[in-house]
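# Architecture at a glance
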Amino acid sequence: MRVVGQEILTVKNLSKEYVCGHKAVDQVSLTVNKGECLGIVGESGSGKSTLARCLLALEKIDEGEILLKEKSLYNANKKSLHPVRSEIQAVFQNPSASLNPKLKIIDSLMEPLDFQRKIQPSFLMDIRNQRTKMAERLFEMVGLPSKYLSYYPHELSGGQKQRVIIARAISIEPALIILDEPTASLDVSIQAKILNLLKDLQEDLGISYLFISHDLAAVNFMSQRIIVMKQGQIVDQCSKHDLFSDRRHPYTKDLLHVFEA
Ligand code: ADP
Ligand code: MG
C-alpha cells in the first residue's frame, strides 16, 4: 500500500540553457507527492513550459536530476529513458496539435493502451481486452458521448478535443500528469468545466498533477501547493492557504494584484 505523502516526482537543481545561451530553467528543485496537485504559476516566458518539456524528456537537460517514483528518468548513461517515463502523461494548451487529423478519435484515444498491452489500469481491468468498451468507459469518465469515437478531430470543438486528450492521458493510469496551460486555448465558458473535470478525475483516481498556468486563479483552484517562477527560477512557494499572506514575495503579490483586479 502506498503511503500518503510519498514523493512521485522529485526534481533536483534542474537547469536548461537553450543553444542561444538563454537559461530558461535555472536550478529548479521541487517535489510532487502522491495524489497531490502542485501548481506552477509565472508570467509568460518564465520557463514553465521548458520545465515541463524537460520533465517529459522532450528537451535535454544541462544539469540536475529528475526522479519519478525514486527512479531516475534517464538511465545512468543519460542515453536512454527509464521505463518509468511511460508513467508521465501530458496535456498541452492546444488539443488540435495533440490529435492526428487523419485518425478517428477512437484510434488516437486508444494509442497508449493499444501499444502498452501490459498496462492494466484499475478502472479498465474488467474489460481490458474489449477495445470499444474501454474507449466508451474512458469517454464516460470525461463526459463525452460515445458517438464521437468514430468522428475525426475537425468534427469536435476545442473543449471536446481537450476532453479526448484528458481521457487519453488518464487511460494508462499514470503516476503523474503534467498539465501545461490546459485551458488557455479554450473559451472562458468552457475553461471552468475542464478544470472541474480535471479536479474530479484527480480525486477519483488519485493521480498526481503538475498544473502549469499563467492564471493564478486557475492555479489556486486546482492546487494544494503553489510554486512561483520568474526568469527560470523559483522565487516563491507556499500552500494554497498562505497565498494571500503578507509574507509573499513581491512578485507573487503583483500576480495576486492582477488576480484581485
Ligand atoms: P513559459 O512557458 O513560462 O511562457 P517558456 O519555457 O516557453 O516559458 O520560455 C522560457 C524562455 O525560453 C523564454 O524567454 C522563451 O523565449 C525561451 N525559449 C523557449 N523555447 C525556446 C527555444 N526552443 N529556443 C530558444 N529559446 C526558447
Ligand atoms: Mg508556456
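From a predicted model like this one, the values you see are computed outputs, not experimental measurements.

## Looking at the site of ligand 1
Close to ligand 1 lie Tyr 18, Cys 20, His 22, Ala 24, Glu 43, Ser 44, Gly 45, Ser 46, Gly 47, Lys 48, Ser 49 and Thr 50. One nitrogen or oxygen atom from the side chain of Tyr 18 is found 3.3 Å from a nitrogen atom belonging to ligand 1. One of the side-chain nitrogen or oxygen atoms of Thr 50 is found 2.5 Å away from an oxygen atom of ligand 1. Protein coverage of the free-state accessible area of ligand 1, which is 560 Å², stands at 60%. The dominant element in the shell around ligand 1, judged by the number of residues it contributes, is helix α1 (residues 48-55), at three residues. Here the residues of the shell around ligand 1 are counted per class, giving three nonpolar, seven polar and two charged.

## Focus: the pattern of salt bridges
Throughout the structure, instances matching the rule amount to 11 salt bridges. As a salt-bridge pair, Arg 168 and Glu 111 come within 3.9 Å of each other at their nearest N and O atoms. Here Arg 168, found in helix α5 (residues 158-171), pairs with Glu 111, found in helix α3 (residues 111-115); they are 57 residues apart in sequence, far enough to count as distant. Counted as one network, the salt bridges with shared partners bring together Lys 16, Arg 53 and Glu 59.

## Looking at the domain arrangement of the protein chain
In terms of domain boundaries, the protein chain breaks down into domain 1 (7-87 + 174-260) and domain 2 (100-169). Relative placement of domain 1 and domain 2: their C-alpha centres are 25 Å apart. On the side of domain 2, 10 residues touch domain 1, which itself brings 12 residues to the contact. Approximately 900 Å² of surface area, both sides summed, lies buried where domain 1 meets domain 2, with 75% of it carried by carbon and sulfur atoms. Of the residues forming the side of domain 1 that touches domain 2, the biggest block, seven residues, is contributed by helix α6 (residues 188-205). Class assignment of the residues belonging to the side of domain 1 that touches domain 2 gives a composition of 10 nonpolar, one polar and one charged.

## Remarks on α6
Relative to the 26 Å expected for 18 residues at 1.5 Å per residue, α6 spans 26 Å between its end C-alpha atoms, a close match to the ideal helical length. The complete set of buried residues in α6 reads Gln 191, Ile 194, Leu 195, Leu 197, Leu 198, Leu 201, Gln 202 and Leu 205. In an axial view of α6, the angular spread of the buried residues amounts to 160°, which keeps them on one side of the axis. Pointing more than 90 degrees away from the buried face of α6 are the exposed residues Ser 189, Lys 193, Glu 203 and Asp 204. The inward-facing, buried residues of α6 abut β3 (37-41), α4 (131-141), α5, β7 (176-180), β8 (208-213) and α7 (216-222).

## A word on the packing of α4 against α5
Two quantities define a packed helix pair, namely the angle between the axes and the distance from one axis to the other. As a packed pair, α4 and α5 sit with axes 9 Å apart at the nearest point and diverge in direction by 115°. Crossing hand, α4 versus α5: right-handed. Only Val 164, Ala 167, Ile 170 and Ser 171 of α5 make contact with α4, whose side of the interface consists of Leu 138, Phe 139 and Met 141. The residue inventory of the contact of α4 with α5, partitioned by class, reads six nonpolar, one polar and no charged.

Thresholds, definitions, all that
Residues numbered from 1 in each chain as written. Chains lettered and ligands numbered in written order. Predicted model: local features only at pLDDT ≥ 70, side-chain atom pairs only at ≥ 80, totals over all residues. Heavy atoms only, no water. Near = heavy atom within 4 Å. Polar contact = N/O pair within 3.5 Å; in protein donor to acceptor, adjacent residues only side chain to side chain. Areas by Shrake-Rupley, 256 points an atom, 1.4 Å probe, with all protein chains shown as cover. Helix = DSSP H or I, 4+ residues; strand = E, 2+ residues; numbered from the N terminus. Nonpolar A, V, L, I, M, F, W, Y, C, P; charged D, E, K, R; others polar. Salt bridge = Lys/Arg side-chain N within 4 Å of Asp/Glu carboxyl O. Domains from an automatic or database assignment. Contact = heavy atoms within 4.5 Å. Buried area = accessible area lost by both parts, 1.4 Å probe. Expected span 1.5 Å × (residues − 1). Buried < 20%, exposed > 50% of the residue type's maximum accessible area, 1.4 Å probe, protein only. Arc of directions from axis to C-beta. Axes fitted to C-alpha atoms, helices over the stretch in contact; angles between N-to-C directions. Left-handed = near helix turned anticlockwise from the far one by under 90°.

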